[in-house]
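Structural overview for review
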Amino acid sequence: MKKIIIKSIHMVNFRTFKDKAIEFDQTETSIRGMNATGKSTVMMAFNWLLFDKDQFGRTNFEIKPLTDSGEPVHQVDSEVEAVLLVGGDDLNMETVTLKKTFHEKWNKPRGKAEAVFNGH
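I will try to describe carefully the structure that is included in this document. (Residues numbered from 1 in each chain as written. Predicted model: local features only at pLDDT ≥ 70, side-chain atom pairs only at ≥ 80, totals over all residues. Heavy atoms only, no water.)

1. Side note on the overall build of the protein chain
Heads up, the rule is: Numbered from the N terminus, helices here are DSSP runs of H or I no shorter than four residues, and strands are runs of E no shorter than two. Our radius of gyration looks at C-alpha atoms and nothing else; its globule reference is 2.2 Å times the residue count to the power 0.38. The classification of residues rests on relative accessible area computed with a 1.4 Å probe and restricted to protein chains. Under 20% of the type maximum is buried, over 50% is exposed, and intermediate values are partly exposed. Any two residues whose heavy atoms approach within 4.5 Å at even a single point are treated as in contact. The Shrake-Rupley method, run with a 1.4 Å probe sphere, supplies the accessible areas, and residue values consider only the shown protein chains as cover.
On a plain count of helices and strands, the protein chain comes out with 1 helix and 6 strands. From first element to last, N terminus to C terminus, the protein chain shows the α and β order β-β-α-β-β-β-β. A compact globule built from 120 residues should have a C-alpha radius of gyration of about 14 Å, whereas the protein chain, at 17 Å, is more than 25% larger. Projected onto its principal axes, the C-alpha positions of the protein chain cover 60 × 35 × 25 Å. In the protein chain, which comprises 120 residues, the proportion classed as buried is 29%. For the protein chain, the proportion of contacts with a sequence separation of at least 24, taken over those separated by at least 6, is 46%. Carbon and sulfur atoms make up 50% of the accessible area of the protein chain, which amounts to about 8,600 Å² in all.

So this is what it looks like as structure tokens:
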């Protein structure tokens, strides 16, 4: 059976994190903090990277950062990158990097002054 160790995760414009990198210890890492400081966001980012779902199994959730009024920030890419060690034992571990980008598509229709959001 293969062993997987999370080495690091880097989140850019992912929910509350503008640019956050976390290095994990190979034995144990604690993520602690006050309410609403982003602890669950770390797990959500990892689940989104691997499964396109949040930690509750939902596929329809907001990953973009929000404005002060609660609206998603547009025209920014949300990214999550994780570095994993994968292998059968500690001597034969291979480094695997996974990265996912949530990119907005905008186009400017002929005759229009502004670009229009066209999906992800």
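Having seen the structure, we can now continue with the description.
2. Quick word on unusual backbone geometry
Although it is not a glycine, R15 sits at a positive phi angle of roughly 50°. Mapped onto the elements, R15 comes out in the loop between strand 1 (3-14) and strand 2 (17-23). A relative accessible area of 30% means that R15 is categorised as partly exposed. Even without being a glycine, A36 presents a positive backbone phi close to 65°. When you line up the elements, A36 lands in the loop between strand 2 and helix 1 (39-51).

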